Amino acid sequence: MPKNQFEEQELFGLRQALEPTGARTVVVSKSGQAATGMNRERYTPDGTIIDWNKQEGIFGKYHAVIVIGGKGAAKSLWDDPIVPQILVDHYRAGSVIAAIGAGIVVLARASLLNGRCASPDLDLAIAELDRLGIYCEEEDVIADDRIVTARDGSAASSLVKSIVELCQNTPT
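Reference entry: report on the structure contained in this document. (Residues numbered from 1 in each chain as written. Predicted model: local features only at pLDDT ≥ 70, side-chain atom pairs only at ≥ 80, totals over all residues. Heavy atoms only, no water.)

Concerning the overall build of the chain
Secondary structure assignment for the chain yields six helices and ten strands. Seen through its C-alpha atoms, the chain measures out along the principal axes to roughly 40 × 40 × 30 Å. Split into buried and exposed, the 172 residues of the chain put 52% on the buried side. Contacts in the chain between residues far apart in sequence, at least 24 positions, make up 61% of those at least 6 positions apart. Within the structure as shown, the chain displays about 8600 Å² of accessible surface, and the carbon and sulfur contribution to it stands at 45%. (Helix = DSSP H or I, 4+ residues; strand = E, 2+ residues; numbered from the N terminus. Buried < 20%, exposed > 50% of the residue type's maximum accessible area, 1.4 Å probe, protein only. Contact = heavy atoms within 4.5 Å. Areas by Shrake-Rupley, 256 points an atom, 1.4 Å probe, with all protein chains shown as cover.)

With respect to empty space enclosed by the protein
Scanning all chains against the criterion turns up one cavity of 30 Å³ or more. The space that makes up the largest cavity amounts to roughly 70 Å³. Taken together, L112, L113, N114, R116, C117, I142, D144, I147 and T149 make up the lining of the largest cavity. Of all elements in the fold, only β7 (116-118), β9 (141-144) and β10 (147-150) reach the threshold of two or more residues within the lining of the largest cavity. Class assignment for the residues of the lining of the largest cavity results in five nonpolar, two polar and two charged. (1 Å grid on protein atoms, 1.4 Å probe; cavity = no way out; pocket = protein on both sides within 12 Å on 5 of 7 lines; lining within 4 Å. Points joined across faces, edges and corners; volume = space filled by probe spheres on them. Nonpolar A, V, L, I, M, F, W, Y, C, P; charged D, E, K, R; others polar.)

Focus: the sheet that holds β9
Across the sheet, four strands lie side by side as β5-β6-β10-β9; this open sheet has mixed pairing. Since the sheet does not close on itself, it has two edges, and those belong to β5 (64-67) and β9, each with one partner. Across the sheet, the mean angle from the axis of one strand to that of its neighbour is 15°, orientation sign disregarded. Bridge count between β5 and strand β6 (residues 96-100): four bridges; the pairing is parallel. Bridge assignment links I66 to a residue of β6, and that residue is A98. (Pairing = 2+ DSSP bridges. Axes fitted to C-alpha atoms, helices over the stretch in contact; angles between N-to-C directions.)

Some points on the side chain of E8
Within the secondary structure layout, E8 lies in helix α1 (residues 8-18). Buried within the structure, E8 lacks any salt-bridge partner; R40 is the closest side chain of opposite charge, at an N-O distance of 7.6 Å. Aside from chain neighbours lying at most four places away, what touches E8 is G13, G37, M38, N39, R40 and E41. (Lys, Arg positive; Asp, Glu negative; His and termini not counted. Salt bridge = Lys/Arg side-chain N within 4 Å of Asp/Glu carboxyl O.)

Details of the nonpolar core
Judged by nonpolar contacts, the single largest core of 33 residues is most densely connected at W78, L87, I97, L107, L112, L113 and L129. For this core, the secondary-structure elements that each account for two or more residues are β5, α2 (71-76), α3 (83-92), β6, α4 (104-109) and α5 (123-131). Beyond its immediate sequence surroundings of up to four residues, L107 is in contact with V67, L87, I97, A98, A99, L112, L113, I147, V148 and T149. Formed by 21 residues, the second largest nonpolar core is a distinct cluster that contains L18, V27, A98 and A155. (Core = buried A, V, L, I, M, F, W, Y, C linked by side-chain atoms within 4.5 Å.)

Concerning α1
Restricting attention to buried positions, one finds in α1 the residues E8, E10, L11, G13, L14, A17 and L18. Contacts from the buried residues of α1 go to β3 (42-43), β5, β6 and α6 (156-168).

Regarding α3
Among the ten residues of α3, seven are classified as buried, and the element is accordingly described as predominantly covered. For α3, every residue scored as buried is listed here: V83, P84, I86, L87, V88, H90 and Y91. Considering only its buried residues, α3 is in contact with β5, β6, α4 and β10. Looking one or two places after α3, you find G94, whose phi comes out positive at around 105°.

Here it is, written out as structure tokens:
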């Protein structure tokens with residue numbers, strides 16, 4: 001998650017949609033410190049991005065990695081040198097990689113999008129994806145070869161459904 005100005009609907013919507021699946025969620029950010037969302041809600045992540053694999057009970061790769069957005073994604077995630085490495089490493093290991101909203105740019109910069117994604121609702125993200133040559137479609141969720149993108153927090157349930165289906169069909 002971005003270290004500040006994260007999109008609350010994306011984070012909380014995803015966590016709520018993941019809860020009934022029994023999935024264990026780990027939320028990390030660049031600083032690992034309490035963050036303030038775009039609507040002023042505060043959230044403290046479980047740890048830092050650099051320590052993604054040092055979380056209690058984590059052995060090996062995650063089944064899925066999801067990048068959330070918000071205005072803060074452009075400031076703290078788009079140019080982060082570690083996040084793309086984690087995403088590519090997990091993808092190569094067979095994990096599902098997903099992004100929502102402005103977090104989609106992180107997947108594009110990690111060279112994980114094959115030319116198409118769900119259109120995020122943040123103009124800055126759309127402009128950056130266009131600059132990178134990524135075609136955005138007016139779809140809530142697009143799933144393609146273990147890569148899933150979602151327009152915004154309103155698509156959290158559909159995003160989770162796609163992730164769960166891909167995880168069930170992917171050997172780990």
